[in-house]
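A structural walkthrough
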Amino acid sequence: MAISTKQELELIRESVKALCTKFPEAYWRETDEKNAYPEEFIQALTKEGWLSVLIPEEYGGAGLGMVEACAILEEINRSGGNSGAGHAQMYTMGAVLRHGSEEQKRRYLPKVASGELRLQAFGITEPTAGSDTTSIETTAELKGDRYIVNGQKIWTSRAEYSDLMLLLARTTPKDQVNKKTDGLSLFLLDMKDQQHNITIRPIDTMINHATTEVFFENVEIPVENLIGVEGKGFRYVLSGMNAERILIASESVGDGYYFVDKSVQYANERVVFNRPIGQNQGVQFPIAQSYMEIEAARLMRDKAAELFDAGENCAAEANMAKYLASEAAWKAANAAMSTYGGYGFATEYNIERKFREARLFIVAPITNNLVVSYVGQHVLGLPRSF
Amino acid sequence: MNIFVLMKRTFDTEEKISISGGKINEDGAEFIINPYDEYAIEEAIQVRDAQGGEVTVITVGSEEAEKQLRTALAMGADKAVLINTEDDLEYSDQFTTAKILAEYLKDKDADLIIGGNVAIDGGSGQVGPRVAELLNIPYVTTITNLEINGSTVTVVRDVEGDSEVIETSLPLLVTAQQGLNEPRYPSLPGIMKAKKKPLDELELDDLDLEEDDVEAKTKTIEIYLPAQKQAGKVLEGELADQVKELVSLLHNEAKVV
Ligand SMILES: Cc1cc2nc3c(=O)[nH]c(=O)nc-3n(C[C@H](O)[C@H](O)[C@H](O)COP(=O)(O)OP(=O)(O)OC[C@H]3O[C@@H](n4cnc5c(N)ncnc54)[C@H](O)[C@@H]3O)c2cc1C
């Protein structure tokens, strides 16, 4: 993995910023209004190589690390955009990279890097298994040289805009394994090939996130698309989660800075009672407090990313970064809403859109309650609650 | 085609600028590639892509300009050269810069040299033409279009909003005006490739120049920010009286007529 100098990291940030100026807030407001996928933005990001930052050079990517990937997503969200439409293309391939066979890597990674194949759907959550992942009921049964998949996923984002899905399914029933985390397997599902056995239903949500329900009816996956060893899929999912959490934290950090940037600007400009509203400590303090919390969260995010890039265990830091950043961004979102007064509600000002979007990361990809219980039980050694 | 771009690192005049001790305060300032030089870099890359050859970006300045040179490499230039005058020169002007650039360029067999029309900091617009004079090659300033056919070059030049079409030949120096093209920003593969591209650093010694050879021809007496805009005056009353008052104010107060 290549490591960037401070100067190169700055150049990465400035180049992403420059790209984002081509997609101003009006663009995001419009896609949000129409509930449309920001296709042009994703294409620009892909074409200029930003989404393949983590793919090694030998497979056609930039071969950079988490530190650089974080900078990219942070700048997108800071500009007023929403990385959620494309972030998964960056990291879903991590499962293939870390646990896939050489043949799988050669077959898929170069096409994922070029954008020819989109691998940005990740099917884990089910209606009866949200936080409790090991309770999933979607099954994959080996018949000859293929697995036959039946079941249902929910909240599978970008399924309509992805060629491949990383799918977690049970290959051994829960009551036949020693540990509930065993018997789950991870697959690369070619959704285009199996489109007749898959039904995708969009879910109408409060944000523009292209999230869906996916139904599988005798979906076929060739054995060569099983990732790693059958029954060990849960472990592979866990190992990819650190990357996901650090990147999500970066989106929250970007959101947080967005709200602070906007609040500072508005609080300086808006005059009420013959003075800028920012002169009132009631307006000023929440903005300053949010800023401090975002800066602190950013430090934890940086620490997690650096550990990740050094190949060290960063589970605690990745989780804490996701928690701290999403809470800081949410606080900043509220500070911005208060600063903007009534105008915060007007779509034209974009604050309400970013406010809705920033709220997601307290819930997904893992709820902050679960992060707190992770820290309580696994970092501090307190008794298990579930 | 052997193409050279003259590039300057400048502060961003869109940011707030402050002055202390008779100098522009560099601490709070943001530094960028001079925007007109971005057009020059873009044009050079486009010409190279169409005609083949190589683009070398040169700057005269300090170590800090490395960042802007790397940016140019990430945009697509092939080589970068920093002529570092930090230890040799305390004060320099357009003559200094032009002399150094010309000394570097004189044996490089440049086919095309592109610079910005002006640098947004000093705003003199002198360096490009001076380099061409020293190299004894033709130059055209403020260009908005460039077409190269063999050794014939057709240039459109912006003259205060009108266009002038000029036919000339290579080797040639041109300076870029806004509208020449839309400069690209670096892509990630561009940034990765730039890591491996050569960035050479030279000093006056390497060009066989002494400080005296490049000694500035001018002296900066003072640098100051534009005066704060005064509140305007709104005249009132009958139109004929207003005109009389205006004329008298222009004569006696503003003393402009
Ligand atoms: C817009 C959006 C996009 C998403 N995209 C994807 C995707 O692409 N792929 C995917 O697989 N999933 C996706 N998800 C799903 C997301 O990961 C889940 O919503 C999340 O993990 C929570 O699961 P749940 O919704 O079933 O909540 P539940 O598990 O039902 O939890 C409900 C509430 O109870 C709390 N709770 C539950 N158990 C405990 C406990 N033991 N202690 C304390 N509190 C507890 C939770 O913290 C939460 O507040 C997405 C969700 C959303 C909203």
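Rules behind the numbers
Residues numbered from 1 in each chain as written. Chains lettered and ligands numbered in written order. Predicted model: local features only at pLDDT ≥ 70, side-chain atom pairs only at ≥ 80, totals over all residues. Heavy atoms only, no water. UniProt positions renumbered as here; feature names shortened; annotations may be inferred. Near = heavy atom within 4 Å. Polar contact = N/O pair within 3.5 Å; in protein donor to acceptor, adjacent residues only side chain to side chain. Areas by Shrake-Rupley, 256 points an atom, 1.4 Å probe, with all protein chains shown as cover. Helix = DSSP H or I, 4+ residues; strand = E, 2+ residues; numbered from the N terminus. Nonpolar A, V, L, I, M, F, W, Y, C, P; charged D, E, K, R; others polar. Domains from an automatic or database assignment. Pairing = 2+ DSSP bridges. Axes fitted to C-alpha atoms, helices over the stretch in contact; angles between N-to-C directions. Contact = heavy atoms within 4.5 Å. Buried area = accessible area lost by both parts, 1.4 Å probe. Salt bridge = Lys/Arg side-chain N within 4 Å of Asp/Glu carboxyl O. Buried < 20%, exposed > 50% of the residue type's maximum accessible area, 1.4 Å probe, protein only.

As recorded in an unreviewed UniProt entry, chain B goes by Electron transfer flavoprotein subunit beta and comes from Bacillus yapensis. Comment text from UniProt for chain B, heading Function (unreviewed entry), reads "The electron transfer flavoprotein serves as a specific electron acceptor for other dehydrogenases. It transfers the electrons to the main respiratory chain via ETF-ubiquinone oxidoreductase (ETF dehydrogenase)."

Chain A carries the name Acyl-CoA dehydrogenase in an unreviewed UniProt entry, which gives Robertmurraya kyonggiensis as its organism. Comment text from UniProt for chain A, heading Sequence similarities (unreviewed entry), reads "Belongs to the acyl-CoA dehydrogenase family." According to UniProt, the comment filed for chain A under the heading Cofactor (unreviewed entry) is "FAD".

1. Description of the site of the ligand
All names here are of chain A. Near the ligand you find 17 residues, and of these T125, S131, W155, S157 and T367 are the closest. Between a nitrogen atom of the ligand and a main-chain N or O atom of F122, the distance comes to 2.8 Å. W155 has a polar backbone atom sitting 2.8 Å from a nitrogen atom of the ligand. A total of 980 Å² of accessible area belongs to the ligand in isolation, and the protein chains cover 65% of it. Going through the elements one at a time, β3 (146-157) and α11 (351-363) are the ones with two or more residues in the shell around the ligand. Within the shell around the ligand, the residues separate by chemical class into eight nonpolar, nine polar and no charged. When we break the shell around the ligand down by domain, the ones giving at least three residues each are domain 2 (119-230) and domain 3 (235-379).

2. A look at the sheet that holds strand β7 (residues 79-84) of chain B
Residues and elements named next belong to chain B. Read across the sheet, nine strands follow the order β11-β10-β9-β12-β8-β1-β6-β7-β13 without closing on themselves; strand pairing throughout is mixed. Bordering the open sheet on either side are β11 (162-169) and β13 (199-202), each of which pairs with just one other strand. Taking the axes of each pair of neighbouring strands and ignoring which way they run, one obtains an average angle of 30 degrees across the sheet. Summarising the sheet, strand β6 (residues 54-61) and β7 pair through six bridges and their orientation is parallel. Residue pairing for β7: V60 is matched across the bridge by I83. Packing of helix α2 (residues 66-75) onto the sheet brings it into contact with β6, β7 and β13, and relative to β7 it is tilted by some 165 degrees.

3. Regarding the interface of chain A and chain B
Listed as interface residues are 20 residues of chain A and, on the opposing side, 15 residues of chain B. Carbon and sulfur atoms supply 62% of the area buried between chain A and chain B, which totals about 1,500 Å² over both sides. Its largest share of buried area at the contact with chain B, chain A owes to Q7(A), L11(A) and E48(A), together 35% of the area lost on that side. Viewed at the interface, chain B and chain A are joined by five salt bridges. In this structure, the salt-bridge partner of E8(A) is K195(B), at a minimum N-O distance of 2.9 Å. Counting every contact that joins chain A to chain B gives five residue pairs in polar contact (both at pLDDT 80 or more).

4. Overview of unusual backbone geometry
A cis amide bond links A364(A) with the next residue in sequence, P365(A), at an omega value of 0 degrees. Inspection of the secondary structure assignment puts P365(A) in the loop between α11 and α12 (368-379). Following L170(B), the chain continues into P171(B) via a peptide bond in cis, with omega recorded as -10 degrees. With respect to the secondary-structure elements, P171(B) resides in the loop between β11 and β12 (172-176). In this structure, N136(B) is a non-glycine residue whose phi angle is positive, near 60 degrees. Position of N136(B) relative to the elements: it lies in the loop between α4 (127-135) and β9 (139-149). With a relative accessible area of 70%, N136(B) lands in the exposed category. Unusually for a residue other than glycine, K255(B) sits at a positive phi of about 55 degrees.

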